[in-house]
Amino acid sequence: MSSLSTPATGGPEPLLLLLDPVARQTDGESVRIAKDVLCGGADVKVVLPESPSELDRVLSHRGRRRPVVIGSDLALQRVLQALHRLRELGAEPVGMVPVGHAEELATARALGVPEEPVRAARAVLSGAPRTFDLLVDDGGGVALGGVRITGVGTRRSGSRSSGWRSLWAKLAAAEQANVLASEAVDHSPRVRVEADGRLLADVHRPVRLVQLTLPGSGEADPDGTGVLEVVVRAPGALVRARAVSVSVVGRGFGYEADGHPVGPVRARTWTVHPGAWGLLLPAA
């Protein structure tokens, strides 16, 4: 891991700039512009974590520095996951400057993060925090927008695995090791799905899709009661429900959290955590 500290020239909050190495490879000019704006307005320390343990370490020793991500949706997701693991998620809003391919920034756009590096950096320095719900699973993972299950024993491969992506691949590999290698790939998902204890699907009938979505791009409900929108699609049937917690059990199924593959696993429970985290966005 490398780091660089820049003396403060203004701004009340010192920043911990978590730079995704892929962002520098994808659009080094946007990264440079964002760093220049941030360093011109705050005391900035730039770090490039080389492993999940280093990410945990720099976050746990950040002191008063506010975490700011420069990178993709996956980079933001992993930082939130680390903060959740450290039980520090929600202590303060985080910042983000989205840098990456368009398809890697869909969640950032949905959350309202400016696409231009200058506007995004200025939102970090002088924006207003907005609170969002978070989908947390019993394996320690998080999702900002939603989860999709479309197959058992199958995963969509990532064609651009590098930088943080290759580092996080070990997390999915650890889960894969829990599934017997002798199990055959099953393209007809048979899973048991329960939403707040209500049975939506059972293993006796295959399903084509299980989708869990945080409505409104995950923005926290004013009354503080977070809910999931649940869709279960089977041949000749479509079931919709709203729930706080959803459990799925099967022989071994993979899923996508915010479009990124995880698993396979035998069982997983997702629960909404209302208002779990904050993001700095342009002031209205």
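Whatever comes next refers back to the structure up there.
These numbers were taken from a predicted model, which means no experiment stands behind them.

For the protein, the count of helices and strands is six helices and 15 strands. Sorting the 284 residues of the protein into buried and exposed places 48% on the buried side. Long-range contacts, defined here as pairs at least 24 residues apart, represent 76% of the contacts in the protein between residues at least 6 apart. When the accessible surface of the protein is totalled, it reaches about 12900 Å², and 50% of it is carbon and sulfur.

This part is about the nonpolar core. Counting residues in hydrophobic clusters, the biggest one holds 47 residues, and the most contacted among them are Ile 70, Leu 76, Trp 277 and Leu 279. It is helix 3 (residues 73-85) that provides the largest number of residues to this core, a total of six residues.

One can find Val 99 in the loop between strand 5 (95-98) and helix 4 (106-111). Val 99 gets classed as buried once you look at its relative accessible area, which sits at 3%. Along the sequence, Val 99 and Asp 27 sit 72 residues apart, while their C-alpha atoms lie 6.8 Å from each other.

Before going further, it helps to examine unusual backbone geometry. Here the amide bond leading from Gly 263 into Pro 264 is cis, since omega sits at 15°, within 30 degrees of zero. As for its placement among the helices and strands, Pro 264 is situated in strand 15 (residues 260-281). Not every positive phi belongs to a glycine, and Asp 196 is a case in point at roughly 50°. In this fold, Asp 196 is placed in the loop between strand 9 (191-195) and strand 10 (198-201). Its relative accessible area of 46% is what places Asp 196 among the partly exposed residues.

For the rest of this paragraph, the subject is the side chain of Asp 133. Note on placement: Asp 133 falls in strand 6 (residues 128-137). In this structure, Asp 133 is buried with no salt-bridge partner, the nearest side chain bearing the opposite charge being Arg 242 at 8.8 Å. Within polar-contact distance, the side chain of Asp 133 engages the backbone nitrogen of Gly 275 at 2.7 Å.

What counts and what doesn't
- Residues numbered from 1 in each chain as written.
- Predicted model: local features only at pLDDT ≥ 70, side-chain atom pairs only at ≥ 80, totals over all residues.
- Heavy atoms only, no water.
- Helix = DSSP H or I, 4+ residues; strand = E, 2+ residues; numbered from the N terminus.
- Buried < 20%, exposed > 50% of the residue type's maximum accessible area, 1.4 Å probe, protein only.
- Contact = heavy atoms within 4.5 Å.
- Areas by Shrake-Rupley, 256 points an atom, 1.4 Å probe, with all protein chains shown as cover.
- Core = buried A, V, L, I, M, F, W, Y, C linked by side-chain atoms within 4.5 Å.
- Lys, Arg positive; Asp, Glu negative; His and termini not counted.
- Salt bridge = Lys/Arg side-chain N within 4 Å of Asp/Glu carboxyl O.
- Polar contact = N/O pair within 3.5 Å; in protein donor to acceptor, adjacent residues only side chain to side chain.

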